[in-house]
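This is what each chain is made of:
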Amino acid sequence: MVHFFDAVGETVVCHLFHERIGREGLGAQDTHTLPDAMLDQVHGNDRAEGGLRHHSLAAPSLHAFLVVSNLIEVDLAILAVPAPKCVEVLREVPAGKVRFVVIHTSGFGELDKGDLEAEILELARTKGFRVVGPNCMGIYSQPGRIGFWQDHWEIVDRPGTVGFASQSGGHAINAIKGGMDSGVRFNKVVSLGNQLDISINEIVEFMGKDDAVQVLGLYVEGIRDGRRFLELAKEITPRKPIVV
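Quick summary incoming for the structure in this document. Please read these numbers as outputs of a predicted model, since none were measured by experiment.

### Some details on the overall build of the protein chain
Thinking step 1. Tallying secondary structure elements over the protein chain gives 7 helices and 11 strands in all.
Thinking step 2. Looking at the protein chain as a whole, 54% of its 244 residues are labelled buried.
Thinking step 3. When contacts within the protein chain are restricted to residue pairs at least 6 apart in sequence, those whose partners lie at least 24 apart make up 71%.
Thinking step 4. About 10,900 Å² of surface is accessible on the protein chain, with carbon and sulfur atoms providing 51% of the total.

As structure tokens, then:
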């Protein structure tokens, strides 16, 4: 999970987007220039800080995305393409080359298209990546310099101590914006959507052990393992408060 939220060594974020809806997502990553264009088809940002190197790559085509994922290991892949296209993309991803996949796209289990979700989950197990979503905004990580959307890059550099996990992307975004207006600064925020793979419980467990998170907030619409959630809450709350 550390590669999901934090910059560890060489961190690569690759964003595959539909031209109409996805390009602005690149602006949510920390913005710096790529020293040499890796590919004519890939737009990139690159930053070195404190011995760590962060790359943000935006791939406007399936071909470009697959070339990147074949050449290098991708810590976080962000998909903003139609639901059937997500399955097509993930079928072609090389095994072991992508650690985490955020699927912004809706049109899955929430619309009774569980067959698409089942295929994505099977691909995740076979190829060794974890899935956030679908139907979500993904992650905001101050340590990892990753925001949900373009206007977040200005606030992602402000250190905070609050962690927040939400099944609603809108509530996750509003929590950050409203919190910043009220003087509350966030360390990590995750929008989980349909919880196909990574669940609220996993995030609670991770943030419960994360010393950078001192307060944990949750917006929950459904918990698959309520007993485990209560066990985690009982374990964590002596050290830090949880607001649900």
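### Regarding the side chain of S191
Thinking step 1. Of note, S191 is situated in strand β9 (residues 186-191).
Thinking step 2. Looking at S191, its side chain comes within polar contact range of the main-chain nitrogen of M137, at 3.0 Å.
Thinking step 3. Apart from residues no more than four positions distant in its own chain, S191 is found in contact with V132, C136, M137, G138, F148, S166, S168, G169 and A172.

### Considerations on the packing of helix α3 (residues 83-92) against helix α4 (residues 114-127)
Thinking step 1. In contact at an axis separation of 10 Å, α3 and α4 are set at 20° when each is read in the N-to-C sense. The angle between the axes of α3 and α4 places the two elements in the roughly parallel class. Of the two elements, α3 crosses α4, and the hand of that crossing is left-handed. Where α3 approaches α4, its residues A83, P84, V87, L90 and R91 are matched on the opposing element by L116, E119, I120, L123 and K127.
Thinking step 2. Grouping the constituent residues of the contact of α3 with α4 by class yields 7 nonpolar, no polar and 3 charged.

### Considering the pattern of salt bridges
Oppositely charged side chains may form a pair once their charged atoms are brought near each other.
Thinking step 1. Taken as a whole and assessed by the stated rule, the structure comprises 10 salt bridges.
Thinking step 2. For R130, the salt bridge identified is with D197, shortest N-O distance 2.8 Å. A residue pair is termed long-range when its members are at least 10 positions apart, and R130 in strand β6 (residues 130-132) and D197 in the loop between β9 and α6 (200-209) qualify at 67 residues.
Thinking step 3. The class for D197 is buried, based on a relative accessible area of 8%.

### With respect to the sheet that holds strand β7 (residues 138-141)
Thinking step 1. Ordered in space as β7-β9-β8-β10-β11, the 5 strands form an open sheet in which the pairing is mixed. Strands with a single pairing partner mark the edges of an open sheet, and in this sheet they are β7 and β11 (242-243).
Thinking step 2. Two strands pair when backbone bridges link them, and β7 and β9 are joined in this way by 4 bridges, in the antiparallel orientation. Note on β9: the bridge partner recorded for I139 is V190.
Thinking step 3. Across the face of the sheet, helix α5 (residues 169-181) comes into contact with β7, β8 (162-166), β9 and β10 (215-219) while running at roughly 165° to β9.

### Considering unusual backbone geometry
Thinking step 1. In this structure, the amide linkage connecting G133 to the following residue, P134, adopts the cis form with an omega of -5°.
Thinking step 2. Of note in the backbone geometry, N135 takes a positive phi value of approximately 65° without being a glycine.
Thinking step 3. Counting through the fold element by element, N135 comes out in the loop between β6 and β7.
Thinking step 4. The class for N135 is partly exposed, based on a relative accessible area of 29%.
Thinking step 5. For Q195, which is not glycine, the phi torsion reads 55° and is therefore positive.
Thinking step 6. Residue position: Q195 is located in the loop between β9 and α6.

### A closer look at the nonpolar core
Thinking step 1. In this structure, F4 and V190 are the most contacted members of the largest nonpolar core, which totals 27 residues.
Thinking step 2. Of all the secondary structure elements, the ones that give two or more residues to this core are α1 (2-5), β4 (74-80), β5 (98-103), α6, β10 and α7 (226-236).
Thinking step 3. It is α6 that contributes the most residues to this core, 5 residues altogether.
Thinking step 4. Contact partners of V190, with chain neighbours within four places excluded, come to F4, F5, V132, G138, I139, F164, A165, S166, I203 and M207.
Thinking step 5. Judged by nonpolar contacts, the second largest core, of 21 residues, contains V93, F108, I120 and A124.

Parameters at a glance
In this convention, every chain numbers its residues from 1, walking through the sequence in written order. Confidence filtering applies because this is a predicted model: local features only for residues at pLDDT of at least 70, side-chain atom pairs given and counted only at 80 or more, and all residues used for totals across whole chains, interfaces and linings. Only heavy atoms go into the side-chain values, all of them from the structure, while hydrogens and water stay out. Helix and strand definitions follow DSSP, with helices as H or I runs of at least four residues and strands as E runs of at least two, each counted in order from the N terminus. A 1.4 Å probe rolled over the protein chains alone gives each residue an accessible area, and that area as a share of the maximum for its type sets the label: buried under 20%, exposed over 50%, partly exposed in between. Whether two residues are in contact is decided by their heavy atoms: any pair within 4.5 Å suffices. Here, Shrake-Rupley sampling with a 1.4 Å probe gives the accessible areas, and only protein chains in the shown set may cover a residue. Here a polar contact means two N or O atoms within 3.5 Å. Within protein one must be a hydrogen donor candidate and the other an acceptor candidate, and residues neighboring in sequence count only if both atoms are side-chain atoms. In this description, a line fitted to the C-alpha atoms serves as the axis of each element, helices being fitted only across the stretch in contact, and the angle between N-to-C directions of two axes falls anywhere from 0 to 180 degrees. Orientation labels follow simple angle bins: below 35 degrees gives roughly parallel, above 145 gives roughly antiparallel, 65 to 115 gives roughly perpendicular, and whatever is left gives oblique. Helix crossings are classified by the rotation of the near helix relative to the far one: an anticlockwise turn of less than a right angle makes the crossing left-handed, while a clockwise turn makes it right-handed. All residues other than Ala, Val, Leu, Ile, Met, Phe, Trp, Tyr, Cys, Pro, Asp, Glu, Lys and Arg, Gly among them, are scored as polar; the first ten of these are nonpolar and the last four charged. Definition used for salt bridges: Asp or Glu carboxyl oxygen within 4 Å of a side-chain nitrogen of Lys or Arg. Note on pairing: DSSP must find at least two bridges between two strands before they are called paired. For our purposes a nonpolar core is just a set of buried Ala, Val, Leu, Ile, Met, Phe, Trp, Tyr and Cys residues, chained together by side-chain atoms within 4.5 Å.

Shape descriptors only; they carry no functional weight alone.
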